[in-house]
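Single-letter residue listing:
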Amino acid sequence: MSSHVEFERQLLRELAPQVLGALVRHHGSFDACEDALQEALVAATTQWPTQGVPTNPKAWLITVASRRFIDRYRSDAARADRERALAILASADPGAVSPVDDTLTLFLMCCHPSLTPPSQVALTLRAVGGLTTAEIARGLLVPEATVAQRISRAKQRIKASGTRFRLPDTADRAARIRSVMEVLYLIFTEGSTASSGPTVNRVELSTEAIRLARQLHVHLPDDGEIAGLLALMLLTEARSPARNTPSGDLVPLSEQDRTRWDAAAITEGTALITHALQTAPIGPYQLQAAIAAVHDEAGRPEDTDWSQILVLYDLLTRLAPGPMVTLNRIVALGMAHGPAAGLEELRAARAEPAIAEHYRFDAVHGYLLDLAGDHAAAKECYAQAARRTFSLPEQRYLQSRARVDS
Amino acid sequence: MKYLILIYSNPESRQLWSQLSAEQRRGGLEAYTTLNEALAATGELIVTEALADPTTARRVRVEAGQATATDGPFAEVKELVAGFYLVECDSIDRAVEIAARIPEAAMGLVEVRPVMALSGFEV
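Residues numbered from 1 in each chain as written. Chains lettered and ligands numbered in written order. Predicted model: local features only at pLDDT ≥ 70, side-chain atom pairs only at ≥ 80, totals over all residues. Heavy atoms only, no water.

Caption draft 1: Spatial organisation of the overall build of chain B. Within chain B, the regular secondary structure consists of 3 helices and 6 strands. Counting from the amino terminus, helix and strand elements in chain B follow one another as β-α-α-β-β-β-β-α-β. For chain B, the C-alpha atoms occupy an extent of roughly 55 × 45 × 20 Å along the three principal directions. Looking at chain B as a whole, 25% of its 123 residues qualify as buried. Of the roughly 7600 Å² of accessible surface on chain B, 55% is carried by carbon and sulfur atoms. If the 11 positive side-chain charges of chain B are averaged to one point and the 18 negative ones to another, these points end up 6 Å apart. (Helix = DSSP H or I, 4+ residues; strand = E, 2+ residues; numbered from the N terminus. Buried < 20%, exposed > 50% of the residue type's maximum accessible area, 1.4 Å probe, protein only. Areas by Shrake-Rupley, 256 points an atom, 1.4 Å probe, with all protein chains shown as cover. Lys, Arg positive; Asp, Glu negative; His and termini not counted. Charge placed at Lys NZ, Arg CZ, Asp CG, Glu CD.)

Below is the structure:
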């Protein structure tokens, strides 16, 4: 892809949510505006390469999309509900809201509680991320038709819910923003695939999630959890160059080549989380980011401050308990106070079926047994974990641990 | 996560189907249509297909770079895959809930298999 085509693509993706926000604010109908925007984006990708990028590309897109919207509105109105459409137009209140709020309102609309998580993900990537249906499908590893259907159903559902394009009341807003964060983290984890296959044309969803979290952070800089989410993503993504072998196998944290970690991302993530912890009420994303920061600042695995990680997991257990948190805390305990302490705690935790049945239970058990020197029993646990995981790279790794001679 | 829901058929189920009245058969097909629409509406459906009769299947073998296709040894097999759904949903409980709406579930011929993912936790 030549650089100016890539530049135009990036520009269109930057502008897409701003243009959509302006359109919906002015015309009122989210689904029709989204259709109009898609048509304007297609027009831009065909016209700009030959005629050049307009001086004010955002205004150009708004004009073209508005024209498409009005064309469609006229033909629709001729057919049926002219009055209803007129009422919507009359109720729209252009100019009352800043463009900054537009993007935030779009985020909240795409993560509307009436939508299922897969629909929220698809709509957010399209309407705020400015990705095409095909790009989203390649990122999510599902057929394009599935994504197209999720988006069109989501738009219908938003229309049916009668949601107006404006920021929800403060009371409602916190819960809605939490669901936006969940959607962004879901996009991020979907993107953290260990696949090392050809990535040509494949949109990196983890990069996209970071870009979106950054936008959200710009709009709400004082929200500690949003800062924590962005920091968590940066500090996790920083390790990705060292996370896989060229053949796609997982490299555990303790064996990664730390010189390949992204130092700039670590610096940015650490600064973000440090500031958030000092200024905002603590929350689960901040704690997870703080744990990632402690890992990332250790130059060698043996320099890792496991006592601090344990303290952070203690807090996380209180704020956001769950099987994964319990199991990760036990690993930290084993590292800080020795495998015997970890194994004892693991035996106690086993009473909880959600933990005993969790596929990570056997992996943690194997890890602690290895540390304790009981390699034969550890191998059995790894073999059991390999049978229970739902991740191919993890399964390959666990199988290799089950085979290893030690 | 993605789940593959497999629908099997066996001699009893095939016989039962052939004995249904036209109306009963229509009811069965309607159950599928309703389910497909519901899954499309939630965005959970990725693909669903019914498979042709096993007598039309081919077993493929490559030897010394040569592919040969023979009629499958399926005639002797009692339970055969008759169709499938590939869905994406929150949990296996939800996948089981979907599977329970498939008419063949009344005969115990529906199975839910989790699909392996490419993403994984850092170990």
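There is more to say, and it comes next.
Caption draft 2: Region of interest: empty space enclosed by the protein. Applying the stated criterion across every chain, the model contains 1 cavity of 30 Å³ or more. Space inside the largest cavity adds up to approximately 40 Å³. A:S114, A:L115, A:T116, A:S119, A:R153, A:A154, A:R157, B:A41 and B:T42 together form the lining of the largest cavity. Looking at the lining of the largest cavity, the elements that each hand over two or more residues are α8 (144-161) of chain A together with α2 (22-42) of chain B. Here the residues of the lining of the largest cavity sort into 3 nonpolar, 4 polar and 2 charged. (1 Å grid on protein atoms, 1.4 Å probe; cavity = no way out; pocket = protein on both sides within 12 Å on 5 of 7 lines; lining within 4 Å. Points joined across faces, edges and corners; volume = space filled by probe spheres on them. Nonpolar A, V, L, I, M, F, W, Y, C, P; charged D, E, K, R; others polar.)

Caption draft 3: Examining the sheet that holds strand β2 (residues 45-50) of chain B more closely. Residues and elements named next belong to chain B. One open sheet accounts for 4 strands, arranged β2-β5-β1-β6; its pairing is antiparallel. Only two strands of the sheet have a single neighbouring strand rather than two, namely β2 and β6 (110-114). On average, each strand axis in the sheet is inclined to that of its neighbour by 20°, with strand direction left out of account. Of the pairings in the sheet, the one linking strand β1 (residues 2-9) to strand β5 (residues 80-88) comprises 8 bridges and is antiparallel in character. (Pairing = 2+ DSSP bridges. Axes fitted to C-alpha atoms, helices over the stretch in contact; angles between N-to-C directions.)

Caption draft 4: Inspection of the pattern of salt bridges at higher detail. The full count for this structure, using the stated rule, is 27 salt bridges over all chains. Two residues, A:E135 and A:R9, come together in a salt bridge whose shortest N-O distance is 2.9 Å. Taken together, the residues A:E135 in helix α7 (residues 133-140) and A:R9 in helix α1 (residues 3-27) connect sequence positions 126 residues apart. In this structure A:E135 comes out as buried when scored by relative accessible area, which is 9%. A relative accessible area of 25% means that A:R9 is categorised as partly exposed. Here B:E97 ties to B:R94 by a salt bridge, and the two come within 2.9 Å at their closest N and O atoms. Separated by 3 residues within a single helix, B:E97 and B:R94 lie in helix α3 (residues 92-99), roughly one turn from each other. (Salt bridge = Lys/Arg side-chain N within 4 Å of Asp/Glu carboxyl O.)

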